[in-house]
Amino acid sequence: MKEYYIDLIAKRIRDYHDGCFFSNQITIENHIERWVSQFTPQNQTVILKEINCIFNKYYLSKEFFLNFARITLNNESIYKENQYNYWSSAIFLDI
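Quantities reported herein were computed from a predicted structural model and do not represent experimental measurements.

### With respect to the overall build of the protein chain
Counting its regular elements, the protein chain contains six helices and zero strands. Taken from the N to the C terminus, the helices and strands of the protein chain come in the order α-α-α-α-α-α. Scaling as 2.2 N^0.38, a compact globule of 95 residues should have a C-alpha radius of gyration of about 12 Å, whereas the protein chain reaches 18 Å, well beyond that. Dimensions of the protein chain along its principal axes, counting C-alpha atoms only, are 55 × 30 × 20 Å. Across the 95 residues in the protein chain, those meeting the buried criterion constitute 16%. Contacts in the protein chain between residues far apart in sequence, at least 24 positions, make up 50% of those at least 6 positions apart. Of the roughly 7700 Å² of accessible surface on the protein chain, a fraction of 57% belongs to carbon and sulfur atoms.

### Observations concerning the pattern of salt bridges
Enumeration over the complete set of coordinates arrives at three salt bridges. The partner of D7 in a salt bridge is K11, with the nearest N and O atoms 3.1 Å apart. Here D7 pairs with K11, and both are found in helix 1 (residues 2-17), just four residues apart, close to one helical turn. Overall, the relative accessible area of 30% leaves D7 in the partly exposed class. You can call K11 exposed: its relative accessible area is 55%.

### Points about the packing of helix 1 against helix 2 (residues 28-36)
Contact geometry for helix 1 and helix 2: axes closest at 9 Å, N-to-C directions at 120°. Here helix 1 lies oblique to helix 2, going by the angle between them. Helix-helix and strand crossings are classified by hand; for helix 1 and helix 2 the assignment is right-handed. Residues K2, I6, D7, I9, A10, I13, R14 and H17 of helix 1 lie in contact with helix 2, whose contacting residues are I28, E29, I32, E33 and V36. The residue inventory of the contact of helix 1 with helix 2, partitioned by class, reads seven nonpolar, one polar and five charged.

### Structural notes on the nonpolar core
Looking at soluble globular proteins, one finds that nonpolar side chains tend to be buried together. Counting nine residues, the largest nonpolar core is built from Y5, I6, I9, A10, I13, I28, I32, V36 and L48. At the level of secondary structure, the elements contributing two or more residues to this core comprise helix 1 and helix 2. With five residues, helix 1 is the largest single contributor of residues to this core. Setting aside its immediate chain neighbours within four residues, I6 contacts E29, I32, E33 and L48.

### Points about the packing of aromatic side chains
Scanning all chains against the criterion turns up three aromatic pairs. With centroids separated by 5.3 Å and ring planes inclined at 55°, the aromatic side chains of F55 and Y59 adopt a geometry described as tilted. Look at F55 and you get partly exposed, because its relative accessible area is 24%.

What counts and how
Residues numbered from 1 in each chain as written. Predicted model: local features only at pLDDT ≥ 70, side-chain atom pairs only at ≥ 80, totals over all residues. Heavy atoms only, no water. Helix = DSSP H or I, 4+ residues; strand = E, 2+ residues; numbered from the N terminus. Rg over C-alpha atoms; globule rule 2.2 N^0.38 Å. Buried < 20%, exposed > 50% of the residue type's maximum accessible area, 1.4 Å probe, protein only. Contact = heavy atoms within 4.5 Å. Areas by Shrake-Rupley, 256 points an atom, 1.4 Å probe, with all protein chains shown as cover. Salt bridge = Lys/Arg side-chain N within 4 Å of Asp/Glu carboxyl O. Axes fitted to C-alpha atoms, helices over the stretch in contact; angles between N-to-C directions. Parallel < 35°, antiparallel > 145°, perpendicular 65-115°, else oblique. Left-handed = near helix turned anticlockwise from the far one by under 90°. Nonpolar A, V, L, I, M, F, W, Y, C, P; charged D, E, K, R; others polar. Core = buried A, V, L, I, M, F, W, Y, C linked by side-chain atoms within 4.5 Å. Phe/Tyr/Trp six-rings, centres within 6.5 Å; stacked < 30°, edge-to-face > 60°.

The quantities given are spatial measurements derived from coordinates; they are silent on function.
Structure follows, in structure tokens:
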């Protein structure tokens with residue numbers, strides 16, 4: 001069951017990570033497996049199941065997010081008069 005949820009989560013997040021952060025030796029599935037291994041074995045499947053439920057409700061695909069960002073960044077009602085001045089003073093979260 002654990003592998004089932006790892007596979008579902010990996011398929012969902014692949015649009016952000018495919019080929020970007022993982023070498024040929026480390027797959028998204030391996031990364032998720034390493035992450036969930038910090039929890040006790042009896043809790044891992046429950047955690048993965050809940051993460052999958054959260055992603056089913058709230059995950060924004062890369063395509064959706066980029067389209068939303070494009071529309072938002074060009075929305076005159078946000079930056080009022082000077083788009084360049086507004087966005088050059090904005091602070092974005094950099095993790």
